[in-house]
Amino acid sequence: MKSPLGVIMRLRILAALAALSLAALTGCGGQNGTTASSGTLRIMAPAAPGGGWDQTSRTAEQALKTAAPDRRVEVFNVPGAGGTIGLAQLAGEKGNGNLLMTMGLVMVGAIEQNKSKVTLADTTPIAKLTEEYEIVVVPADSPYKTLADLTAAWKADPAKVSIAGGSAGGTDHIVAGLMAKAAGVDPKQVNYIAHSGGGEALNALLGNKVSAGISGVGEFAEHVKSGKLRGIGVTSGERISGLDVPTLKEGGLDVELANWRGFVAPGGLSDADKKALTDLVTKMHDSQPWKDAVAKNGWIDSFQTGQQFADYLNAEQTRVKGIIAEMGLVS
């Protein structure tokens, strides 16, 4: 007669073998034994909470609850170096069909600025999502009432005018450089204070630790409307509806620029996983919650997928590299 302990051990071994057999049958595609059409989808925001990438990632998470209610979605943050720390982490997840990273123009510049060994060539382009104009703000009690006031102080002593924004070499930094150039100030003399997320830049502004700040309209708009910050210029060609802020051109600086954001996945994806992720993001884009969020945040729908987005990404890398080199933002 077999002992109870022997029976229990035999049952455990059989259960383990059954689990291994099941894993072998279902473990094709995706790094974690799941394909891009199943399992938990993780979305990396490669910056601190409170910024544009974080906002976009969490907006996507909420929209996917409607577009793909059976799919679990998690957002996590990997801040630092204009997103290049997150980019390096993404590159280490080669073949993982359950991972997306939010990125955009900021990362294109940061790759050059930080001389990152990992580039966007190590990713799989999935979709361009939105464009967004930038806004220049000052604290509510700032002595600079208008863009002309700020420009005059800038010309008098560039070092005394500190500007808070996102990562070095990113969109905010590029806007600061283009504004300086238009004002007749050497872009290399811009006293730019880089932050890893919009929340940190906002705190610096609200604490009167900097002269001005630059970020996406969606990040600062509510604080401008509440009176905590004063908007003195937007980078759009015309004034933005619902926001009583003049354009930079109205303020005397011939600068116009739109930021953009999108999704990339790890490199080495199978065709099936790439299609599954693209289809999922397309469903998200077409959902009403996403459309409502785009309108609420003042974003511009600029959806692209496939080869169209890949070509756009290549063109942007060439364009941005030229801009930041001209402005002396890279050594």
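Because the structure is predicted, anything quoted here is derived from the model rather than measured.

**Details of the confidence of the model for the chain**
No. 1: Averaged over every residue, the pLDDT of the chain is 88; the share at 70 or more is 87%.
No. 2: Confidence drops under pLDDT 50 across residues 4-34; counting only partners more than four residues distant or on other chains, this segment forms 18 contacts.

**A look at helix H3 (residues 84-91)**
No. 1: Of all the residues in H3, the buried ones are Thr84, Gly86, Leu87 and Leu90. Looking straight down H3, one finds its buried side chains confined to an arc of 150 degrees; they lie on one side.
No. 2: Buried-residue contacts for H3 involve strand S1 (41-45), strand S3 (99-104), helix H4 (105-113), strand S4 (123-139) and strand S9 (258-266).

**A few points about the packing of helix H2 (residues 52-67) against helix H10 (residues 288-296)**
For any two helices packed against each other, the geometry comes down to the angle between their axes and how far apart the axes lie.
No. 1: Packing of H2 against H10 leaves a shortest axis separation of 7 Å and a crossing angle of 150 degrees. In terms of orientation, H2 lies roughly antiparallel with respect to H10. Where H2 abuts H10, its residues Thr56, Thr59, Ala60, Ala63 and Thr66 lie against Pro289, Trp290 and Ala293.
No. 2: Considered class by class, the residues forming the contact of H2 with H10 number five nonpolar, three polar and no charged.

**A closer look at empty space enclosed by the protein**
No. 1: Throughout the structure, instances matching the rule amount to one cavity of 30 Å³ or more.
No. 2: What the largest cavity holds in volume is close to 270 Å³.
No. 3: Along the wall of the largest cavity there are 27 residues; nearest its centre are Gly52, Val106, Gly166, Asp172 and Glu219.
No. 4: If you list the elements that add at least two residues to the lining of the largest cavity, you get H2, helix H7 (198-206), strand S7 (212-216), helix H8 (217-225) and S9.
No. 5: If one sorts the elements of the lining of the largest cavity by residue count, S7 sits on top with three residues.
No. 6: Looking at the lining of the largest cavity residue by residue, the classes come out as eight nonpolar, 15 polar and four charged.

**Concerning the packing of aromatic side chains**
No. 1: In the structure shown here, the tally under the stated rule is three aromatic pairs.
No. 2: One aromatic cluster in this structure is built from Trp260, Phe309 and Tyr312.
No. 3: We note Arg42 situated over the ring of Phe76; from NZ or CZ to the ring centre the distance is 3.9 Å.
No. 4: Lying across the ring of Tyr312, Lys128 places its NZ or CZ 4.0 Å from the centre.

Quick notes on the rules
- Sequence positions are assigned chain by chain, starting from 1 and proceeding in written order.
- Predicted model: local features are reported for residues with pLDDT of at least 70 only, side-chain atom pairs are reported and counted for 80 or more only, and whole-chain, interface and lining totals are derived from all residues.
- Each side-chain value is worked out from all heavy atoms of the structure, with water and hydrogens disregarded.
- The predictor reports its confidence for every residue as pLDDT, a score running from 0 up to 100.
- Any two residues having at least one pair of non-hydrogen atoms within 4.5 Å are treated as being in contact.
- Buried means the residue's accessible area, taken with a 1.4 Å probe over protein chains only, is under 20% of the maximum for its type, while exposed means over 50%, and partly exposed covers the values in between.
- Going along the chain from the N terminus, every DSSP run of H or I of four or more residues is numbered as a helix, and every run of E of two or more is numbered as a strand.
- Working note: the arc is built from the helix axis to C-beta atom directions.
- Interaxial angles span 0 to 180 degrees and are taken between N-to-C directions of axes, which are lines fitted to C-alpha atoms, for helices over the stretch in contact.
- In these notes the angle categories are as follows: under 35 degrees is roughly parallel, over 145 is roughly antiparallel, 65 to 115 is roughly perpendicular, and the rest is oblique.
- Lys, Arg, Asp and Glu make up the charged group, whereas Ala, Val, Leu, Ile, Met, Phe, Trp, Tyr, Cys and Pro make up the nonpolar group; the residues left over, Gly among them, are polar.
- Here the term cavity refers to a set of points on a 1 Å grid, laid over the protein atoms alone, in which a 1.4 Å probe fits but cannot get out; the term pocket refers to an open set having protein on both sides within 12 Å along at least five of seven lines, with lining residues being those that place an atom within 4 Å of a point.
- Grid points are joined across faces, edges and corners, and a volume is the space filled by probe spheres set on the points.
- Note on aromatic pairs: the rings of Phe, Tyr and Trp (six-membered ring only in Trp) are paired at centre separations within 6.5 Å, and the planes decide the class, stacked below 30 degrees, edge-to-face beyond 60, tilted for the rest.
- Ring-over charges, as used throughout, are those where CZ of Arg or NZ of Lys falls within 6 Å of the ring centre and within 35 degrees of the ring normal.

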